[in-house]
Amino acid sequence: MQSEPTVYVVDDDEPIRDSLRMLLRSAGLPVETFASAQQFLAAYTPPAPGCLLVDVRMPGMSGLELQELLAARKIALPVIIITGHGHVAMAVRAMKAGAADFVEKPFDDELLLECIRRTLARDADTRRRQSRSSESTQRLAALTPREREIMEHLVAGKSNKAIAADLGISARTVEVHRARIMEKLEAKSLADVVRIALSS
Amino acid sequence: MIPASIRILLVEDNPADARLVELGLVETDSGRFRVTRAERLSEALGLLRENAYDAVLLDLSLTDSHGLDTVSRVIEADPAVPIIVLSGLHDTELALQAVQSGAQDYLVKGESGGELISRSVRYAIQRKHAETELRRAHDELERRVAERTADLLETNTRLQREIESRHRAEDVLREEHGFISAVLDTLDALVVVLDRGGRIVSFNRAFAETTGYALAEAHGEDFWSLFLVPEEAKPVLAVFDALTASGRPSRNENRLRARDGATRLIAWSNTVLHGERGEVAYAIGTGIDITERRQAEDRERQRLLEIAHVARLSTMGEMATELAHEINQPLTAIAAYSDACVRQLRSGSSHQEEIIEALERIGTQARRAGEIIRRVRSYVRKEESPRTRMDINELVREVVHLAEAEARWRGVGIELDLAGTLPPLTADRILIEQVLLNLVRNAIEAMDDVAPDERRVLIRTSAGGDAAIEVAVRDSGPGLAPELVEQVFTPFFTTKPSGMGLGLSISQSIVEAHGGRLWAAANEPCGAVFQFSLPADAR
């Protein structure tokens, strides 16, 4: 599975899959289609980026069930639910269960594409944040308990002198720990230290 | 006639007289006569019984017999032998009496020479022979006369009996004719007799009362011009022609026009009466007035049609969500294809092949939506569809199309087992479709509690016995409790949270209105089977 963000379409109706594939490709979006939730699950390898466009109403596993399954497996692929006309209740249920959005059949192409692009953008953003967060966590893990303690004081906005007084050590020692912390966190400024500490 | 050797029994107790006779015979014709002599009658009778003699010369005064008695005893012993009595000179009177009682002649002893004796013997033989012949001829004549008389008597008796029996038969016929007429007049059924030309020969009281015509005024009139409405004359004539040509009984229905112009609908049973040479001589129609019955049936049918229509509308209401989804699918595809085409054409990056293919698919999807709408519209149509010849398998496929959205949504697989060849069936298409859809939807809905991969509906068509078509809808649901097998057909009975409980009741009425039967049973190994049979068209 390519790492390029892809729209995964899951619908049991072949003409719908085929027409969506053509429409999304015309809009320059990579598409893969599946006739059932099971087919999609067999083919998808997390954490490939993109979004899932799934019909709420399908024999076998419905769109909602697929959404719940992904959540249970902690697969963070945003889900856009396709509903038929008059299935507002289902749409509400899907949104409550964490769906990114829902679209009604028949589609308005502008609205559909906008919805997909928005979801893809959000997915990309989330992934960026997630990767940043995991980087920060790794760097923070390198700190000693003492360094972590001092970092927490720094993030709280205390001066070297205040920290030294609080911990009963010399200002000079705090100075050395601070330099070690900046080095380990690859931070260029105190602002960088605060960002990394908060993003973990 | 005279034998060459003449055997004579000489019965004479006097040896001298006997000797004289013997000598006389020898003198006359030596060697020709053979004389055997007996002295007593008893001896003579014994000889007569054992030997054949041509003549007996008999003395009437023997030691053991006297007089005429002697003659009669010899005659008794041998009736065919001629007797010549030998009499004394003074006994001629007795001798004459003997001749009268059967002897041929008599000779007076001592006066008769050989010549006389010989001649007398010959004559006696001849006479006796002639007499015997005469008697035989007479007897023969008598016998023949008696025979002919008996024949004549028998013929006469036969004739007599025949005459009597004919008289009796005529009486019986006369009696029966009156009797049958009286019986026919008591019937409520109409009876009319036509000759081969279709002219009125007779009809009964019921016919007269229904039409307002008396037999006397209608007799000999043309049945068609007098009693039929013009537009039915032709088909009824065809029935009549077929009947008189084949002689096979037939049935038909037609209206009968009364004198006042009113018409009654009559159901006829038609038969023929054969003439003496086996030809069809008369056509006989026996009819029942079914006017009111048919009107009641029509009203009943109308009511059923209305209820059925309401039930179809209600079914479509229940299926509205599924049907809307089904129609929305192709519309969605159409919208997406056309949007994609517009985008490609606008951006100038279009591939002609891809655009053409998309347009073709748009057409296909539009027709798919149209087909669903056509099915629904045809299903909820109100007006009575005429009974038409239909293919039950095609109807099954149509129903499966209507129900498959619901089946797919509920994860139910529908399997078909359709008979290759089925007898033709004429029925109200929409009503039978309604029955089938009802059974199929019931089957689909019965399996909500069954594991998803075990939800199966099997629809099977087959040729039943007695020229019927059978359709069975089997499900793999929980089945029917035995006490519910009959109850499910009662109106307002339902096991579903929604639904009126009228589907099966209406279905049963529809099938019965077609002369068929709808029933339920347990399916093997699980589930229920609902099936109906419809009579196929008569060949």
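Remember, it's a predicted structure, so these values are computed and weren't measured experimentally.

**Things to note about the overall build of chain B**
A tally of regular secondary structure across chain B gives 16 helices and 17 strands. The 539 residues of chain B split such that 30% are buried.

**Some details on the interface of chain A and chain B**
Many authors give the size of an interface as the accessible area that is lost as the parts come together. Taken together, the 19 residues of chain A in the interface contact 21 residues of chain B. The biggest single contributor to the side of chain A that touches chain B is helix H1 (residues 14–26) of chain A, with eight residues. Of the residues belonging to the side of chain A that touches chain B, the class tally is nine nonpolar, five polar and five charged.

**A closer look at unusual backbone geometry**
What is expected of a backbone is that most residues other than glycine have negative phi and most peptide bonds are trans. Cis geometry marks the peptide bond from Pro-46 of chain A to Pro-47 of chain A; its omega dihedral reads 5°. The residue Pro-47 of chain A is located in the loop between helix H2 (37–43) and strand E3 (50–55) in this model. Glu-524 of chain B connects to Pro-525 of chain B through a cis peptide bond whose omega is -5°. Mapped onto the elements, Pro-525 of chain B comes out in the loop between strand E16 (517–522) and strand E17 (528–535). For Glu-186 of chain A, which is not a glycine, the phi torsion comes out positive at approximately 50°. Relative to the elements of secondary structure, Glu-186 of chain A occurs in the loop between helix H8 (171–184) and helix H9 (190–199). Classification of Glu-186 of chain A as exposed rests on a count of 12 C-beta atoms within 10 Å.

**Things to note about the sheet that holds strand E4 (residues 79–83) of chain A**
Residue and element names in this part refer to chain A. The strand order across the open sheet formed by five strands is E2-E1-E3-E4-E5, and the pairing between neighbours is parallel. Whereas interior strands pair on both sides, the edge strands pair on one side only; in this sheet they are strand E2 (31–34) and strand E5 (101–104). Strand-to-strand twist across the sheet, computed as the mean angle between neighbouring axes with direction ignored, equals 20°. Pairing analysis gives five bridges linking strand E1 (residues 6–10) to E3, with the strands arranged parallel. Its bridge partner lying in E3, Thr-6 is registered against Gly-50. Sheet strands in contact with helix H3 (residues 63–72) are E1, E3 and E4, and its direction is about 170° off that of E4. Strands in contact with helix H4 (residues 88–96) are E4 and E5; relative to E4, the strand with the most contacts, it is inclined by about 170°.

**Let's talk about the UniProt feature "modified residue: 4-aspartylphosphate" (unreviewed entry) in chain A**
Residues and elements named next belong to chain A. Within this numbering scheme, the UniProt entry marks Asp-55 as carrying the feature "modified residue: 4-aspartylphosphate" (unreviewed entry). Relative to the helices and strands, Asp-55 resides in strand E3. For Asp-55, a count of 23 C-beta atoms within 10 Å corresponds to the buried category. Apart from the residues within four sequence positions on either side, Asp-55 is in contact with Val-10, Asp-11, Asp-12, Gly-63 and Ile-82.

**Description of the sheet that holds strand E4 (residues 83–87) of chain B**
Residue and element names in this part refer to chain B. Spatial strand order, E2-E1-E3-E4-E5: five strands in an open sheet with parallel pairing. Each end of this open sheet is capped by a strand with a single partner; those strands are strand E2 (33–38) and strand E5 (105–108). Averaged over all neighbouring strand pairs, the angle between strand axes comes to 25°, with direction disregarded. Summarising the sheet, strand E1 (residues 6–11) and strand E3 (residues 55–59) pair through four bridges and their orientation is parallel. By the bridge assignment, Val-11 is partnered in E3 with Leu-58. Across the sheet, helix H1 (residues 15–28) touches E1, E2 and E3, and the angle it forms with E2 is around 175°.

**Some points on the packing of helix H14 (residues 429–445) of chain B against helix H16 (residues 503–513) of chain B**
Residue and element names in this part refer to chain B. It is the contact of H14 with H16, at a shortest axis distance of 9 Å, that shows an interaxial angle of 145°. When you trace H14 past H16, the crossing you get is left-handed. Facing H14, whose interface residues are Leu-431, Gln-434, Val-435, Asn-438, Leu-439 and Asn-442, H16 presents Gly-503, Leu-504, Ser-507, Ile-510 and Val-511. Considering only residue class, the contact of H14 with H16 consists of six nonpolar, five polar and no charged.

About the criteria used
Residues numbered from 1 in each chain as written. Chains lettered and ligands numbered in written order. Predicted model: local features only at pLDDT ≥ 70, side-chain atom pairs only at ≥ 80, totals over all residues. Helix = DSSP H or I, 4+ residues; strand = E, 2+ residues; numbered from the N terminus. Buried ≥ 20, exposed ≤ 12 C-beta atoms within 10 Å, placed from the backbone. Contact = placed C-beta atoms within 7 Å. Nonpolar A, V, L, I, M, F, W, Y, C, P; charged D, E, K, R; others polar. Pairing = 2+ DSSP bridges. Axes fitted to C-alpha atoms, helices over the stretch in contact; angles between N-to-C directions. UniProt positions renumbered as here; feature names shortened; annotations may be inferred. Left-handed = near helix turned anticlockwise from the far one by under 90°.

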